[in-house]
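In case you want the letters, here they are:
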Amino acid sequence: MAAASVRDIRLDLFRGLALWFIFLDHIPTNIVSWLTVRNYGFSDATEIFVFISGYTAVIAYSRMLDDQGWPRTAARIYRRVWQLYVAHILLFVAFSAQIAWVSIARDTPALIEEMQLMGLGDNPYRAILEAALLKFRPVNLDVLPLYIVLLAAFPLVLPVVVRWPWVVIAVSIALYAATCQLNWSLPAYPDEKVWYFNPMAWQVVFHVGAACAVFGPGLSRLDRFRTPLTLLAIAFILFAAFIALSWHYNPLERLVPTWVARIIYPIDKTNIDILRFLHFLAIAWLVRIAIPIDAPGLKWSIWEPLRRCGEASLLIFCIGTFLALSGQVIVSHYEDSILSQIVVSILGITIMCVAAYIAAWFKRGDSRAPGRVRAATGTSR
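The shown structure was predicted, so the numbers you read here are calculated from the model rather than taken from an experiment.

J.: Explain unusual backbone geometry to me, please; I cannot follow it from the model alone.
T.: Excluding glycine, residues mostly have negative phi values, and the peptide bonds linking residues are mostly trans. With an omega of -5°, the peptide bond running from Y189 to P190 counts as cis. On the secondary structure map, P190 appears in the loop between α8 (165-182) and α9 (199-215). Of note in this structure, D107 is not a glycine but carries a positive phi near 55°. The topology assignment puts D107 in the loop between α3 (70-105) and α4 (110-114). A positive phi angle, near 70°, is found at L134, a position not held by glycine. With respect to the element layout, L134 can be found in the loop between α6 (124-132) and α7 (143-161).

Right under this line is the structure:
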């Protein structure tokens, strides 16, 4: 597990990029979202975030498993799960209050229905209970519950994945296939709904990420097939880009053969369609080839805001989700003008970066405080 304990700057960088993409994509009709991966393929920032979450989970807890044993490691994981849960509940309250305030202030009751908060008004006591059980969520509040469930099951997976990663991959793929074939899902509220991100399907992205962290440099064995794999990845990404762009441009849509449309549609996000997963793997392969772990450009100061956002991922995700709704309201106030979309996007990312730097500042202060306390009390060794 030595490889899994090495800090990989790319993880923070691309997790920060995923958080920026999620923020931009959550603002409807946002022209700046054309800079994200969503419009050029089958997958989007969610796959990046979940994969890196699985990868970093192994990095964070595998050494503790060796040094301190399973019970203490499991306790540490569940402490993180509790932090995620509290963050989700607080975000739910703030997000719901924001929606209610905007709806009342601007006399737009349709916003409550658009953000799927009608259940809170119809049956508030039931809605509060279902929110506490992670079954009732407004629009855009689906990623954290998915992460909570995946991480809550991780103490059972961790001892297996660090020893037999291929077993975890095989079981994960089998569960994914069964979920897609048998239409397994988790119920949501109101009663006719299901989880937008089905954990029984999305766990395959998380666990493949965890297994890749265990493989570490062992993934270099695939380099003997570098040329054919790279060509296949490029071909598939170009195909996905053509299909995705055809959703926006009718001339391209008419070029898609009928038999191809019958095969690939619908491309399901709830159960992460196989095309989405393959598209993400193709991107990940090309990134690995193009940006090795020791690439000198990774340490350029221009990338530091991305890395800072990636390091404070929970904080930045919550802020980005809250800001996305604010951006939606502001953009709609200016009748979806392109200028308002650009300004809101830049301001939102700027606020996220400032918050990330403040979080890093506090973290540095906390790491230095114990040493100063010991020195002041004369207890340092």
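Right, picking up where we left off after that structure.
J.: What is the right way to read the packing of helix α2 (residues 45-68) against α7 from this model?
T.: The geometry of a pair of packed helices is captured by two quantities: the angle between their axes and the separation between those axes. Where α2 contacts α7, the two axes come as close as 10 Å, and the packing angle between them is 40°. Comparing their axes, α7 and α2 come out oblique. At the point where α2 passes α7, the crossing takes the right-handed sense. Residues F49, V50, S53, A57, V58, Y61, S62 and L65 of α2 touch α7, and the partners they reach there are V143, L146, Y147, L150, L151, F154, L158, P159 and V161. Looking at the contact of α2 with α7 residue by residue, the classes come out as 15 nonpolar, two polar and no charged.

J.: I tried to follow helix α14 (residues 304-311) on my own but got confused; where do I start?
T.: In an α-helix, one turn spans 3.6 residues; hence positions three or four apart end up facing the same way. Every buried residue of α14 is listed here: L306, R307, C309 and G310. All buried residues of α14 fall inside an arc of 160° around its axis, so they share one side.

J.: Could you clarify how one ought to interpret the side chain of Q203 in this entry?
T.: Looking at the secondary structure, you find Q203 in helix α9. Within the structure, the side chain of Q203 is placed 2.5 Å from the side chain of S172, a separation counted as a polar contact. In contact with Q203, not counting residues within four places along its chain, are L150, S172, L175 and Y176.

Conventions used here
- Residues numbered from 1 in each chain as written.
- Predicted model: local features only at pLDDT ≥ 70, side-chain atom pairs only at ≥ 80, totals over all residues.
- Heavy atoms only, no water.
- Helix = DSSP H or I, 4+ residues; strand = E, 2+ residues; numbered from the N terminus.
- Axes fitted to C-alpha atoms, helices over the stretch in contact; angles between N-to-C directions.
- Parallel < 35°, antiparallel > 145°, perpendicular 65-115°, else oblique.
- Left-handed = near helix turned anticlockwise from the far one by under 90°.
- Contact = heavy atoms within 4.5 Å.
- Nonpolar A, V, L, I, M, F, W, Y, C, P; charged D, E, K, R; others polar.
- Buried < 20%, exposed > 50% of the residue type's maximum accessible area, 1.4 Å probe, protein only.
- Arc of directions from axis to C-beta.
- Polar contact = N/O pair within 3.5 Å; in protein donor to acceptor, adjacent residues only side chain to side chain.

Scope: geometric values only; no functional claims are made or implied.
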